[in-house]
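Here's the letter readout for the chains.
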Amino acid sequence: MAVQPSAAQTAGLQHPELGGENMTATEMKRKQGNDELPCLSIYALWKECFYKKVQQRCLSLQERKVKMVCEQKVKEEKVNKREPCDLLSREWLNNEKVSLDTRIYLLEKLLPTLIPGIEKLLMEVERKNVLAAEEPTQFNPFIFLGEYLIRHNPQYGIPTKPDPYLRGLKVVTEELKSEMAGTASERLARMKAEANVKHKEREELENMKSRVKLMRKEALAIQFKEWTVDVSGRIPIALVQSALRTFADVIASTATYVRKICDLKLEVVDTLEKKVNIDEFTEYVHFYTEHFPDDMFQEMLKHLCRCADDFGEAVRHDMWRQMFTFLFIDCDYAKVGLLNRPKMLALLIDFYKRSPVSAQGGFCNPRQWPIIELQEIKPAHLWGGFDDQEVCEELNEKLILSQTEREILAGPVADDRQGSNVMRTSVTEGLSEQNGMSEAETGGIPKGENQAAESNDAKVREEDEDAVSELESTDLEVRDLDGDTIVTGKSTFHEDIQTEGQTASASAVSQSEVFPASASTEYSLSRDGEPGSENQMEEEEFSLGREPDTEKNGEEDYPVSDREPGSEGQVGQQESGTAETTNATSEPTPEAAAMASEDRALADRDVIGSKEDAPVAEVVKETPARKGSVPKQHGSQIGQQARLQDGNLLQDQGEGPAPTDRQDSPAEDSQEVEVPWSGDFLTRDLSSRFSSYAERIPEDWKCEDTRFADLRPIMAEIQNCWASHTRSVFDESSLNVPQFVQLMETFVGEEVSLPTVKKLIVFIKREYKQTEEEKMKQLEKVHHSSRLAQQKLLLEALFEKWDNNASGFLDLEEVDAVLSTFKEGMEKETLRKAKKRLCSRYPQLSRVGKLSPKAFQTFLELLASELSGNEDEAIDNLVEFLNTSVEQSHTGFLQSSARRKWLHNIQQAAETSGGSIEPIYKAVFKALSQDAEAHGDNKKISAYIALLEENQLTPEQGQILLRYVACTADDAPYVLNQTLHRDMKGVSFVAVEEGKPIHVQRVQVHGNIHFWNHNRPVEERKGSFLVLPLHDAHWRVFGILGLDTLRDQCEKTIFLTHEISFYQGVSYAFSKAYHHICTLENVLQMTGNALDWLHTRAPSIHSVTMYLVEPGKDKAQNYTLRKMISIDNTGQKEIHSSPVLLRKENLLRDYLYKCIDSSGVIHTSVYREYHIAVPLRDLSGQALGLFDINIGHNQKLPPPEHKDLQKMLKISQAAFSEILKTALEETEPTYVLEPEHEANLRHAGILFHWCMLQDLRECVCKLSAESFADIKSHVEPPALVHSIVKAVLLLFHPDWKGSEEIENWSQCKLKLDDNLIQEIYCFDPTAESVQVQAELLLDCIAGVSRAAVWEHGSAPIEYLYHWVQTCLALAGSTRSTYSKKKTFLAPSGIEFQCTTK
């Protein structure tokens, strides 16, 4: 290894001036050659003196001169006003250009003196009466005139006051001069004329700007009315800022110009409390858009309108989300913050099946993606399914209720709801008896359509007969989704259907009987199902669509209007399809036209609330200026917010809000109160407000246990470094609050009416059941998760206490020696078994003997499992024993705490760098210098990082070399980009081969040290030298970290033991950070391949953007999103380097953050374009990124494109998981392809197609010879079938080109047998023995389009088509990938293409 000599001590060399001590190598290179001349202090003093004295004097003289000129002009104006110029002087002006010079000369030189002289002469002649004298006089006019001219010579005489004629001549002279070309007067006149023209133009421009400004403000004022305002007529300014920021993303041609303007002016407002009214909105937006061209301003207006629409929809959905949140609280009987996901999916399927056909179109099919997960779809259905019903049937099998659940559903179930009704099933058996009903009774659906819906429902029920057969014998009333009571079991059906008025009166009577005033209107029936409940309920309760009491009982916890915001007057049409079925009058009253009597009853019940809730209902009217229904007013967020605050049941396991008792108010029954939006989104912080109880346990550790008091400070420090808990972890068996709310919102879609949403809520609330056994299981699950979180925190704190020097590892033998004394050595055999199991899980431990934090935790868990008794208690005893086995002083704790903080900064630099490795280098060198200064006696150290690289230029010097990629700033001229070979001096390769640190205490006496600075004198080559190998997760060396003290002239410059231990921790932290960057680059490469694959198959997708999650700067800003890569519909990919997206700055793109929060798929409309946000999950199920898929104005993709999108997303998730697994120390990479085995690595460039090949192999493996029966039955097959089969056969037998084996169909189809299936399953397109002739295969399938394969509808052909294309892609990419030069060796099984950015 090469030691870094001190640059500053080298005599005779002038090096470029460098920055700070921690400047990285790349910055050093940028600084070189860009030196600037220093600014002299003398120059600064002279400049200061000039500004203080000379400039002030010049300005004073200028002011006096201007003042004198102004005074002179004022005097001349007064004289001209008192004595106007003589008009006779204007006679000298004419258009004759020939005499212009002469006239100017006369007027300027002669006439100003001659004219007054002649005037005097005439006056003298008149005075002496010379003309009248008969006798000649001695008066000579020539002598008089000559004397006058001599006396009034303008060069010597004092000028007299000019008379009006002379002043006129002066004016005429100036005008004549202005016409003389080439003169100063002419130039001045021209300049004045131009100035006047520009002044007029400027005035006109200002006037036009004023008019445009007025017009724009008027347009903005009109646009403000499109926004949903609060009770004070205001909107949050944060929304306006979000709209302005996102404008640059929707207008690509001038995005840079717009973004530059907005970024310079916009200030971040991270609260919704700051709001603006119409005038403030107008001024605020105009300030940022005043310089926009007209066309861009028009685009801005359109963008603001789209944002207003999105905001209105967000307000409407926020109300829905509140209702879903309350529903979750009501269904969470165990109060653990979790609901059963399979049961909830089964209920959604049941609700969807029994909905009318016209209503099903508004829902998202719960048996399809995105309601179900892509991992829940079998590969055969994903790749070969042409009808989504196949997927539905598969999911239905998964959701079949167990026998225990069937017994639960068949009988009364006790729940924890105070006084709750006995929950009943509502699975229908048959709808044949409804055929005679009127349209009003069937939800307004015409009889023919209703019959079709019934037949469809009957067909679906037959498929699920096993799931609901046990419910047929119950005495419970069963209803369809339209609200009509149906005969099931022993229930009766009233043939005489009452009118809506009679229904309302009967409802009032039954309500007074069943719900006395002293009891809660919701929880009035016996929880145990006492006698009189079933028959009485059958007579007193109605179906979902007809009976107000049922909806009132189920919905009174949801204080919202019964009508959907923005759809007033349309509810009847949405539910029934015709105006007649609503039985509403034709009066123009909005209430009468909006809802039928039963809906009005529901609304009346919804506006009745308790004193604490202060509920109100609201009706949101449709804005005429906007197309579609956009809400303007929403109700009762105040009461709901109070309930949300009281309903956070997850803070304490056994506490929950008591049911709200409500009294009917006759005054409120007769009217609806219109209340504007409250001004806040009550469900924006669901992810943080409803963080699961299990995740909050570690935060309350100090209050729950006092056994480990000395570990509390360490635990608190660890908790501060932990990632945010707001991101949910996907669990296929349970749903937390954000996930449940998002699931329900995805199911209802965007076009479902509010009454339908309320029916869904009533249905879920009534049908969701849970036994005591299930509640206990949920409690046990939550407590188990809580205990695991406690143990993880406790064991991590114990590890850090043992690792006092923050080296990142513990010695296995040392830990084993201490544990051997546990229980006075009675558990040695148990310890030996646990150690054996640990080494089998971590094979490298037997070689290196180092325990990482995770391996240490696993070791203690294995040991506890081997011990007798309770495992949790055993772990606590082990922790207590190990805690008392090591002592830590307060000074040691402070030193360890500071070092851990510096190491954490390295990891944080990696996670927030956006894929750049430069911040990691800076953080590493900063940590080293800080420790040397604080804990190393203020040593002056040099540091550098070198990575292993394959030596392809000079292999005779060794197969690998070390390339120095980063170093401290002073050493950059000598070390940066240098390469160290095996045949050169140095001990670095010894550290690489042995995998252990090499410490040379005195380099001057070693003899095998390579000095890069050859100009350093020999007597100055003193100091210590330390080489630390860089290991990956599997303890394979991929580089070195070197340090030396050659720049330190002190005698004691050796590295102490605690320093070396910390430097090992730095190398471990750098390794983790480096591999994190490599993982990001591999994800980008894999994503690029996935986007390329999707682009050719889904042209309807406008764009796809991939975001990755980065930690926020504080807990309030718990995470951010960084745009990494995107592709448009032209196939143009772009890797972004833009700053991160903050949630508080992107309120109108909150769907991205909801996707991360819930770890679920989001389907929404943004800026009038539909988007699908799909999370990329880590191995634990938490979202680490997402795909934002813009499908344009179409709400759905065409079926083949939709299916291909699902394939891309599933394969991308699988490839993403493979990349993450490589960083796990307990996971060894598994290789499938031949080049992987040969190179002992897997390149990220083939991961996407590699995972796709695995999926297709699984699909093909399930085929049989009979699967090709339909294909073989063709005498003359379709061209695409023959072409695909030929391509498959040519992959195995390229020599069959043009032969009868493939050209003759009768012989070709004989090859479709079990042998072919086996060959396809085992075929490796990347093997060296396989010669894939790409051009030959492309000739076969070039004319086969993706749409044609889909329309053919054959699963085997679909498999073969994708398999051929995947083989082609793998064959091409693998050979190019593995044959190119490897930048760095593969430290963890994947080739990392990392560079210093």
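Residues numbered from 1 in each chain as written. Predicted model: local features only at pLDDT ≥ 70, side-chain atom pairs only at ≥ 80, totals over all residues. Heavy atoms only, no water.

Draft legend 1. View of the overall build of the chain. Within the chain, the regular secondary structure consists of 54 helices and 22 strands. In the chain, which comprises 1397 residues, the proportion classed as buried is 53%. The long-range fraction of contacts in the chain, counting pairs at least 24 apart against all pairs at least 6 apart in sequence, stands at 75%. Total accessible area computed for the chain in this model is approximately 64300 Å², and 52% of it derives from carbon and sulfur atoms. (Helix = DSSP H or I, 4+ residues; strand = E, 2+ residues; numbered from the N terminus. Buried < 20%, exposed > 50% of the residue type's maximum accessible area, 1.4 Å probe, protein only. Contact = heavy atoms within 4.5 Å. Areas by Shrake-Rupley, 256 points an atom, 1.4 Å probe, with all protein chains shown as cover.)

Draft legend 2. Layout of the nonpolar core. In this structure, Ile906, Leu928, Ile945, Leu1043, Ile1189, Leu1205 and Trp1363 are the most contacted members of the largest nonpolar core, which totals 129 residues. Tallying contributions element by element places helix α42 (residues 1057-1095) first for this core, with 18 residues. The contacts of Leu1043, once residues within four sequence positions are left out, are Leu928, Ile941, Ser942, Ala943, Tyr944, Ser1024, Phe1025, Leu1026, Leu1028, Phe1055 and Tyr1063. (Core = buried A, V, L, I, M, F, W, Y, C linked by side-chain atoms within 4.5 Å.)

Draft legend 3. Representation of the pattern of salt bridges within the structure. Taken as a whole, this structure holds 49 salt bridges when the rule is applied. Taking the shortest distance from any N to any O, the salt bridge between Lys775 and Glu772 comes out at 2.9 Å. Placement of the pair is Lys775 and Glu772 together in helix α32 (residues 772-802), with a separation of 3 residues, close to one helical turn. Overall, Glu772 belongs to the partly exposed group, its relative accessible area being 45%. Salt bridges linked by common partners bring Asp1204, Lys1207, Arg1346 and Glu1358 together as one network. (Salt bridge = Lys/Arg side-chain N within 4 Å of Asp/Glu carboxyl O.)

Draft legend 4. Structural view of the sheet that holds strand β17 (residues 1103-1111). As summarised here, the arrangement of the 6 strands in space is β19-β18-β17-β22-β21-β20, forming an open sheet in which the pairing is antiparallel. The strands lining the two open edges of the sheet, one partner per strand, are β19 (1133-1135) and β20 (1162-1166). Strand-to-strand twist in this sheet, taken as the mean axis angle between neighbours without regard to direction, amounts to 25°. Two strands pair when backbone bridges link them, and β20 and strand β21 (residues 1169-1177) are joined in this way by 5 bridges, in the antiparallel orientation. Bridge pairing in β21 places Val1166 opposite Glu1169. Its contacts with the sheet place α42 against β17, β18 (1119-1128), β19 and β22 (1183-1192), and it is angled at close to 40° to β18. Helix-sheet contacts for helix α44 (residues 1199-1221) involve β21 and β22, and the interaxial angle to β21 is about 30°. (Pairing = 2+ DSSP bridges. Axes fitted to C-alpha atoms, helices over the stretch in contact; angles between N-to-C directions.)

Draft legend 5. View of the packing of α32 against helix α37 (residues 871-884). Between α32 and α37, the shortest axis-to-axis distance is 11 Å and the interhelical angle comes to 15°. Here α32 is positioned roughly parallel relative to α37, judged by the angle of their axes. Classified by chirality, the crossing of α37 by α32 is left-handed. In this structure, α32 uses Arg787, Gln791, Leu794, Leu795, Leu798, Lys801 and Trp802 to contact α37, whose residues at the interface are Asp872, Ile875, Asp876, Val879, Leu882 and Asn883. Split into classes, the residues belonging to the contact of α32 with α37 amount to 7 nonpolar, 2 polar and 4 charged. (Parallel < 35°, antiparallel > 145°, perpendicular 65-115°, else oblique. Left-handed = near helix turned anticlockwise from the far one by under 90°. Nonpolar A, V, L, I, M, F, W, Y, C, P; charged D, E, K, R; others polar.)

Draft legend 6. Local environment of the sheet that holds strand β12 (residues 979-980). Spatially, the 6 strands line up as an open sheet ordered β12-β11-β10-β16-β15-β13, and their pairing is antiparallel. Single-partner strands in this sheet number two, and they are β12 and β13 (998-1000). Bridge count between strand β10 (residues 942-950) and strand β11 (residues 960-967): 7 bridges; the pairing is antiparallel. Bridge pairing in β11 links Glu949 to Leu961. Most of the contacts of helix α39 (residues 918-935) go to β10, to which it runs at about 140°, and overall it touches β10, β11 and β16 (1037-1044). Its contacts with the sheet place α42 against β10, β13, β15 (1025-1031) and β16, and it is angled at close to 35° to β15.

Draft legend 7. Quick peek at unusual backbone geometry. The omega torsion across Trp369 and Pro370 is 15°, close enough to zero to call that bond cis. One non-glycine residue, Asn977, lies in positive phi territory at about 70°. Relative to the helices and strands, Asn977 is located in the loop between α40 (972-975) and β12. For Asn977, a relative accessible area of 39% gives the class partly exposed. Here the phi dihedral of Trp1035 falls at roughly 60°; this positive angle occurs in a residue that is not glycine. Relative accessible area serves as the criterion here: at 12%, Trp1035 is assigned to the buried category.

Draft legend 8. Geometry of helix α31 (residues 754-767). Look at α31: 20 Å from first C-alpha to last across 14 residues, which is about the 20 Å you get at 1.5 Å a residue. Burial analysis of α31 places 14 of its 14 residues in the buried class, which makes it a mostly covered element. (Expected span 1.5 Å × (residues − 1).)

Draft legend 9. Seen up close, the environment of Asp1270. Within the element layout of this structure, Asp1270 appears in helix α47 (residues 1269-1272). Judged by relative accessible area, Asp1270 falls into the exposed class, the value being 61%. Linking Asp1270 and Ser1354, residues 84 residues apart in sequence, is a C-alpha distance of 8.5 Å.

Draft legend 10. Broad picture of the environment of Gln959. Inspection of the secondary structure assignment puts Gln959 in the loop between β10 and β11. Judged by relative accessible area, which is 66%, Gln959 ranks as exposed. Each residue touching Gln959, except ones within four places of it in the same chain, is listed here: Glu949, Glu950 and Asn951.

Draft legend 11. Quick peek at the pairing of β10. Taken across its 9 residues, β10 has 8 buried, putting it largely inside the fold. Pairing of β10 with β16 involves 6 bridges; the strand directions are antiparallel. Bridged to Ala943 within β16 is Leu1043.

Draft legend 12. Looking closely at the pairing of β15. With respect to burial, β15 is a largely interior element, 7 of its 7 residues being buried. Of the two faces of β15, the one lined by Phe1025, Val1027, Pro1029 and His1031 and the one lined by Leu1026, Leu1028 and Leu1030 are each fully buried. Note: β13 against β15, 3 bridges, orientation antiparallel. In the sheet register, Ile998 faces β15, and the bridge partner there is Val1027.

Draft legend 13. Region of the structure containing helix α43 (residues 1150-1158). The buried fraction of α43 is high, at 8 of 9 residues. At the C-terminal side of α43, Ser1159 shows a positive phi close to 55°.

Draft legend 14. Seen up close, the packing of helix α10 (residues 294-331) against helix α30 (residues 737-748). Two elements in contact, α10 and α30, have axes whose closest approach is 9 Å; the angle formed by their N-to-C orientations is 125°. Compared by their axis directions, α10 and α30 come out oblique. Considering the relative orientation of α10 and α30, their crossing is right-handed. Contacts from His317, Trp320, Arg321, Phe324, Thr325, Leu327 and Phe328 in α10 reach Val737, Phe740, Val741, Gln742, Met744, Glu745 and Val748 in α30.

Draft legend 15. Inspection of the packing of aromatic side chains at higher detail. Applying the stated criterion across every chain yields a total of 30 aromatic pairs. With centroids separated by 4.9 Å and ring planes inclined at 70°, the aromatic side chains of Tyr284 and Tyr288 adopt a geometry described as edge-to-face. One end of the pair, Tyr284, and the other, Tyr288, are both in helix α9 (residues 278-289), 4 residues apart, so they sit about a helical turn from each other. Tyr284 gets classed as buried once you look at its relative accessible area, which sits at 16%. Connected via pairs of aromatic rings, a cluster forms that spans Phe224, Trp227, Phe281 and Phe311. Here the guanidinium or amino end of Arg216 rests over the ring plane of Phe297, the centre of that ring lying 4.4 Å away. The ring of Phe1011 is capped by Arg1021, whose NZ or CZ atom sits 4.8 Å from the centre of that ring. (Phe/Tyr/Trp six-rings, centres within 6.5 Å; stacked < 30°, edge-to-face > 60°. Lys NZ or Arg CZ within 6 Å of the ring centre and 35° of its normal.)

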